[in-house]
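# Topology and contacts: notes
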Amino acid sequence: MNEDTDAEYLRAWKLSEVADGGGVGIVEDSKHTHLVKGDFVTSFNWPWQTKAILDGSLLQKLNPQLVDGHLSYFLGAAGITGLTALLGMREKGHVIPGANQTMVVSGAAGSCGSLAGQIGHLEGCSRVVGIAGTDEKCSILVSEMGFDAAINYKKGSVAEQLQELCPAGVDVYFDNVGGDISDAVISQMNQNSHIILCGQISQYNKDMSYPPPLAPAVEEIQKARNITRERFLVLNYMDKHEASVLQLCQWIKEGKLKVRETVTRGLEKTGAAFQSMMTGGNIGKQMVLISE
């Protein structure tokens, strides 16, 4: 919502204009050659309204069979969120099967983090530890998502718990939050380890460049241990999206990738759902169901 997002792919919301986000809907009428009534479509810039006239060339046609009719998955696990988790791991994680690597995920109960941890195991990490903000979230990560352990960052020292749960150090860090939590993780990362810089939600309201700079002492650790920390943008890997979506859908169908969603019903509750998501009220992807 900042006027200067420093993100060329994402336009800030404007006063008096309809807000937008990722959405899925059904075509009721079409003048576009490749879309007909009844087609399911999605867009990264879907307006928050019950009906809309959209440019067909900016819509992507969907195949509901890929997700066994769970259309909302195209906004999460089989959409941009799943792609971010999978391609982030493959492009920046440098996971080597059999290398006994330990992975840590911050924001682990969110839409991307909950998938990233599971994908870490599927790609070959031997141990995955999540960091989340409630005991309920930590319990779900371990009991449902297959994480080996989880840390409630609101209880006790994150650094001390990391030392206990990651005795061999950290090799891969999927970073969704930045700030103090990331400082604690980076301080325990191994030589030649890798940070997947997915998000920095704790830093977004600060007036600084992206990615935000590390504290001097933490930056010194990063340089001394040769820890990679490069900006990752899933839209830079469009050529790999189709094959990656098929991989995600296969894992979901096989039960290897568990999907959690927090669903709010009614367009009028969209603002409240957005606020809740920004304060950690969701587990998995936050969705708003406009109509059945």
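Reading guide: rules and limits
Residues numbered from 1 in each chain as written. Predicted model: local features only at pLDDT ≥ 70, side-chain atom pairs only at ≥ 80, totals over all residues. Heavy atoms only, no water. Domains from an automatic or database assignment. Contact = heavy atoms within 4.5 Å. Buried area = accessible area lost by both parts, 1.4 Å probe. Salt bridge = Lys/Arg side-chain N within 4 Å of Asp/Glu carboxyl O. Polar contact = N/O pair within 3.5 Å; in protein donor to acceptor, adjacent residues only side chain to side chain. Helix = DSSP H or I, 4+ residues; strand = E, 2+ residues; numbered from the N terminus. Nonpolar A, V, L, I, M, F, W, Y, C, P; charged D, E, K, R; others polar. 1 Å grid on protein atoms, 1.4 Å probe; cavity = no way out; pocket = protein on both sides within 12 Å on 5 of 7 lines; lining within 4 Å. Points joined across faces, edges and corners; volume = space filled by probe spheres on them.

## Overview of the domain arrangement of the protein chain
The extent of an interface is frequently quoted as the accessible surface area lost upon association of the parts. Examined at the domain level, the protein chain breaks down into domain 1 (20-79 + 240-289) and domain 2 (97-234). Between the C-alpha centres of domain 1 and domain 2 the distance comes to 27 Å. Taken together, the contacts link 14 residues of domain 1 with 16 residues of domain 2. Roughly 1300 Å² of surface becomes buried between domain 1 and domain 2 when both sides are summed, with 66% attributable to carbon and sulfur atoms. On inspection of domain 1 and its partner domain 2, the count reaches one salt bridge. Here domain 1 is connected to domain 2 by five residue pairs in polar contact (both at pLDDT 80 or more). If you tally residues by element for the side of domain 1 that touches domain 2, the top one is helix α7 (residues 241-253), at three residues. Tallied by class, residues from the side of domain 1 that touches domain 2 come to six nonpolar, four polar and four charged.

## What to know about empty space enclosed by the protein
Empty space among the atoms becomes apparent when a probe as large as a water molecule is rolled across them. What the rule picks out here adds up to one cavity of 30 Å³ or more. What the largest cavity holds in volume is close to 60 Å³. Only α2 (111-123) and β11 (285-289) provide two or more residues apiece to the lining of the largest cavity. Here the lining of the largest cavity gets three residues from one element, more than from any other, and that element is α2. Grouping the amino acids of the lining of the largest cavity by side-chain chemistry returns five nonpolar, five polar and three charged. Taken together, domain 1 (20-79 + 240-289) and domain 2 (97-234) each give at least three residues to the lining of the largest cavity, which thus spans both.

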